[in-house]
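Observations on the three-dimensional arrangement
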Amino acid sequence: MTREGPAWLAEFQALFGDTIRTPLERSSGTLRAQLTAYDARLVAEAADGPATNGASRLAVYNRQYWFRLFDVLQSVFPLTSRLMGYGSFNDYAARFLLVHPPGGWNLDRVAAGFDGFLAGTLERGDADERRALVECARIDAAWHDALSGARWPPFRPSLADAARLLDAHLVPSPALRIVEEHRPLVEVRRRLFHDPGASPIELPPALERSRWWAILGTGDGVALVPLEAREAELLTELGERSVRAALSYIERACTPEERALLPERARAWLARSVEHDFWIGIRFDR
Amino acid sequence: MALRTQHYPHVFEHHPGVDYFEVISENFLDPAGAPRRRLDRVRARYPVVLHGVGLNLLAHAPLDDAYLDALCRLADDVDAPFVTDHLCWTGAHGVSHHDLLPTPYVPDLVELAAERACEVQRRLGRPFGLENLSSYVEFRSSTLTEWEFYSAVVRESGCWSLLDVNNIYVSSQNHGFDPDAYLAAIDFSRVLEVHLAGHARELDGTLVDTHDQAVASEVWALYGRAWKAGGPFPTLLEWDAKIPPMPQVLAELARAGEVRG
C-alpha cells in the first residue's frame, strides 16, 4: 500500500472538489457557473491567466464536471431524457448527483440508482405522466444493466440437473432484466438504440393492458423477449426462490383456470428461458 | 490510434493497417463484461496498449489496490506492451470527479508521485508511462513549472513519458508559457509514445482539450519540432467526441508522417 499525501493536499482537494461540484445556475435558461459561490481560499490560490481570472479558470472544471455527468446520465437514460426534455432532465440529474456524487473510477456506475431517485422525486405533469416517466427510467436502467452486465456462459442442464431441478435455485444472467410496460416504451427505446439523436419525443399512448419483456445482453447488443404476465412473474420469483418454491408461489396466485394449465405452461416457460440463455447456472440450499 | 466503440465495425471488417491500438483501461477492467469480448477480438490481430484515466496518482489518499489489481490482470490478459495514465488527481474524499485535475507543482508532490508511479510500474511488471496534463488553472503556491514537475516525476520514478503535444500547446496558451520551453525539458529517451488530439477554443479564449476535432496546425508544428528534437517515437491520435468515420481518423493520423517528412 502506498502512503498518503501531505495534509495540505487533502485540504486543497476538498476545496477543489467542493468548487467543481458547485451547482450550475440556470435562471437565465442557460447553465452557468456561479463564480461567487466558490470558496474564497481556492479562488485566492488560483492564478489569473493571460485572458481570464482565477475564478473563471476554475469554472472550466466546474462546467466540465456537470456537463460530463449530464452526458453520462443522458446516455444511460435516453428515453427518459428525450421525453422529459434535456433541461428538465438535467435538473433532476443535478439533484441526484448532489445527493449521490460519483464514488469510484467506473463512469458507467454514475447513473446507478437514478431511476429510483426519479420515482421518489418527480414533480411534473399529472400522475399519469409521472408514472410513465418513472417507467421510462426503469426501462432505460434495465436496458443499460442488460447491455453492461457480465456475459457468462449460459446454463445448459444435464440429465442429472433436470432430475434435481425442482430443488435448485436458477442463477439468472447478470445481463437479464425483466420489465413491465403500460405504454409501448420498449419499442421506442429500441428505436433510440438504433437511431440515436437529440430531438424530443412524445409519450406513446397507453396500451390496453400492460406487457412484459425480458431484456438480455447478448454480444454487443440486447435481445428483447416478450413474456406472458405469469411467465414474467415466475422468472422474477425464480430469481428469489427455488424452482419448487417459485412454482408454488405462482400456483397460489393463479386463477382456477390458470392453475389447470400451469404444469404445461410452466414447463414451456422454463424450457424457453433456458433456450434464451436467461440462466448461467444452478445452486442448492445447504 | 486510440480505439473507441464506434471503430469496432470498421476494425472487424476492414482490419486497417494500424501498428497498435490504445484503449481506455477502465472500459475493460471487468473480465466478464461485453467490452472485454470485443477487445479479445481486437487483440487477436493487433497489439493493445492500455491508457488509464482513473489511477488518481496525485490524490491525497493512497493508490486504490483493488483498482491496481484489476489493471494488472487486464495488462496481463492483453499482454500490453506498456500501460499509461496521467500525472494528476481525479477524486478525493470518496468522490470521483471523472476529470484530470491539476495540483500545485511543488517538490513534495514530486516525491509522492514518483514513489507511487514506481510502485505502479513494479506491480505491472511492464513499462508505465505518465501523461502530461492539459490544464486550465495554475496555482500561486507552485514553486516549479509544469515541465519541471513532470520531468522530475518521470526521472525520479524510473517510469516513462507519454508526451501529449496537444496538451502542451493547450496549457501553454492557457497559462502563457512557451511550449518549446516545455519540449526542451523532455528527456526523449524516456518517451514511450506521443499523443495528438484536437482542442476547442471557448468564448473567453480558453483552450479546452476536447478531442473532438482534427489536430490544430499549431499542434502539428509543435509535433514536428518534437520529432526533430527527440524522434523517432510512436505517435497516437485520440479522437473521442464527434468521431468521424474511421478512414477520416486514419487520414488524420497519416498526416503525422507528412509532418515528420
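Our structure is the block above this text.
Throughout what follows, the structure given in this document is the object of discussion. What you see is a predicted model, and the numbers here were worked out from it, not measured in a lab.

**Observations regarding unusual backbone geometry**
All names here are of chain B. Across the junction of G231 and P232, the peptide omega takes the value 5 degrees, indicating a cis bond. As for its placement among the helices and strands, P232 is situated in the loop between α8 (217-230) and β11 (235-238). Residues other than glycine seldom take positive phi values, yet H15 does so here, at roughly 45 degrees. Counting through the fold element by element, H15 comes out in the loop between α1 (8-14) and β1 (21-24). Judged by its relative accessible area of 34%, H15 falls in the partly exposed class. Here the phi dihedral of N56 falls at roughly 65 degrees; this positive angle occurs in a residue that is not glycine. Secondary-structure assignment places N56 in the loop between β2 (48-51) and α3 (65-78).

**Re the packing of helix α6 (residues 165-175) of chain B against α8 of chain B**
All names here are of chain B. Where α6 meets α8, the closest approach of the two axes is 9 Å, and the angle between their N-to-C directions is 120 degrees. Of the possible angle classes, the one that applies to α6 and α8 is oblique. Crossing hand, α6 versus α8: right-handed. Residues V165, N166, I168 and Y169 of α6 pack against E218, V219, L222 and Y223 of α8. Counted by class, the contact of α6 with α8 contains six nonpolar, one polar and one charged residues.

**Brief notes about the sheet that holds strand β7 (residues 160-164) of chain B**
Residues and elements named next belong to chain B. Taken in spatial order, the seven strands make up an open sheet running β1-β2-β3-β6-β7-β8-β11, and their pairing is parallel. A single partner strand is all that each edge strand has here, and the edge strands are β1 and β11. For this sheet, the mean angle separating the axes of adjacent strands, direction not counted, is 30 degrees. As judged from the two bridges shared by β2 and strand β3 (residues 83-86), these two strands associate in the parallel manner. When the bridges of β3 are listed, H51 appears paired with T84. Along the sheet, α6 makes contact with β6 (128-131), β7 and β8 (191-197), crossing β7 at roughly 60 degrees. Packed on one face of the sheet, α8 meets β8 and β11 and runs near 165 degrees to β8.

**Considerations on the environment of L124 of chain B**
All names here are of chain B. On the secondary structure map, L124 appears in helix α4 (residues 107-124). A relative accessible area of 5% means that L124 is categorised as buried. Sequence-wise, L124 and S25 are 99 residues apart; in three dimensions their C-alpha atoms are separated by 13 Å. Once you skip the residues sitting within four places of it in the chain, L124 turns out to touch L71, C72, A75, D76 and V83.

**Here's the deal with the pairing of β6 of chain B**
Residue and element names in this part refer to chain B. Residues F128 and L130 of β6 are buried on one face, and the alternating residues G129 and E131, pointing to the opposite face, are buried as well. Bridge count for β3 against β6 is four bridges, and the pairing is parallel. Considered in β6, the bridge of V83 is made with F128. Pairing geometry for β6 and β7, over three bridges, is parallel. Counterpart to E131 in the pairing with β7 is L162. In this fold, β6 hands off to helix α5 (residues 146-157), which returns the chain to β7; that crossover is right-handed.

**A word on the side chain of R116 of chain B**
Following the sequence through the fold, R116 of chain B ends up in helix α4. For R116 of chain B, which is buried and forms no salt bridge, the nearest opposite charge comes from E115 of chain B, at a distance of 6.6 Å. Discounting chain neighbours no more than four positions away, the residues touching R116 of chain B are T2, R3, E4 and G5 of chain A together with N56, L57, L58, A59, H60, A61, P62 and L63 of chain B.

The rules behind the values
- Residues numbered from 1 in each chain as written.
- Chains lettered and ligands numbered in written order.
- Predicted model: local features only at pLDDT ≥ 70, side-chain atom pairs only at ≥ 80, totals over all residues.
- Heavy atoms only, no water.
- Helix = DSSP H or I, 4+ residues; strand = E, 2+ residues; numbered from the N terminus.
- Buried < 20%, exposed > 50% of the residue type's maximum accessible area, 1.4 Å probe, protein only.
- Axes fitted to C-alpha atoms, helices over the stretch in contact; angles between N-to-C directions.
- Parallel < 35°, antiparallel > 145°, perpendicular 65-115°, else oblique.
- Left-handed = near helix turned anticlockwise from the far one by under 90°.
- Contact = heavy atoms within 4.5 Å.
- Nonpolar A, V, L, I, M, F, W, Y, C, P; charged D, E, K, R; others polar.
- Pairing = 2+ DSSP bridges.
- Right-handed = clockwise from strand over helix to strand, strands pointing away.
- Lys, Arg positive; Asp, Glu negative; His and termini not counted.
- Salt bridge = Lys/Arg side-chain N within 4 Å of Asp/Glu carboxyl O.

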